Amino acid sequence: MLSSLAAPEVKSTAATGLRTAVSILDKWGATGEQGEAILRVSHSTYARAKRKDGLQSINLDRDQLTRVSFVLNMHAALRVVFDNPENLYGFMRMPNHNAFFYGRSPLDVMSTGDFVAVYETFRRIDALRSSQW
């Protein structure tokens, strides 16, 4: 758990997680604005993470760390479900007609930036691992 790490390790782990989440969002086809809303980070922080520089001193709060974790875990779940890159990276942009999404893509739902929308999307994507959806 991040809270048990010393301050430099927390910042390094947070920076690595953020860079990875931004890279995944980019592969999903998220715009900068969508990624910023999903992760609840500023435009400058998102841009630095995308460039992979200047994040040594990053401070993310618990909400932001949780959002990063959701993106990483959704990607992990999709890697279990899909073998081909088109679905692995394209699924999040595909319209979804299940009750929660009502024809919107998972990326569109999460792009509202609402924590519950990000969490509920995570829950549904994670359930795909067990074929419970």
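Here, every reference points to the structure presented above.
This one's a predicted model, so the numbers in the text were calculated from it and none came from an experiment.

Chemist: Help me understand the environment of Glu120 in this model?
Modeler: Considering the arrangement of structural elements, one finds Glu120 in helix α7 (residues 115–127). Residues Glu120 and Pro106 lie 14 residues apart in sequence; the distance between their C-alpha atoms is 9.7 Å. Within polar-contact distance, the side chain of Glu120 engages the side chain of Arg123 at 3.1 Å.

Chemist: Even after reading the chapter, I still don't get the pattern of salt bridges, so can you show me in this structure?
Modeler: Any two side chains of opposite charge can pair if their charged atoms end up close together. Applying the stated criterion across every chain yields a total of seven salt bridges. Note that Arg40 is salt-bridged to Asp63, the shortest N-O span being 2.6 Å. Here Arg40 is found in the loop between α2 (32–39) and α3 (43–51), whereas its partner Asp63 is found in helix α4 (residues 62–81), with 23 residues between them in sequence. A relative accessible area of 37% means that Arg40 is categorised as partly exposed.

Chemist: Just checking my understanding: could you explain the nonpolar core for this structure?
Modeler: Among soluble globular proteins, nonpolar side chains are generally buried collectively. Of all hydrophobic cores here, the largest spans 33 residues; its most connected members are Leu18, Leu25, Trp28, Leu39 and Leu78. What Leu78 contacts, discounting residues up to four positions off in sequence, is Trp28, Leu88, Phe91, Met92, Ile125 and Leu128.

Rules behind the numbers
- Residues numbered from 1 in each chain as written.
- Predicted model: local features only at pLDDT ≥ 70, side-chain atom pairs only at ≥ 80, totals over all residues.
- Heavy atoms only, no water.
- Helix = DSSP H or I, 4+ residues; strand = E, 2+ residues; numbered from the N terminus.
- Polar contact = N/O pair within 3.5 Å; in protein donor to acceptor, adjacent residues only side chain to side chain.
- Salt bridge = Lys/Arg side-chain N within 4 Å of Asp/Glu carboxyl O.
- Buried < 20%, exposed > 50% of the residue type's maximum accessible area, 1.4 Å probe, protein only.
- Core = buried A, V, L, I, M, F, W, Y, C linked by side-chain atoms within 4.5 Å.
- Contact = heavy atoms within 4.5 Å.

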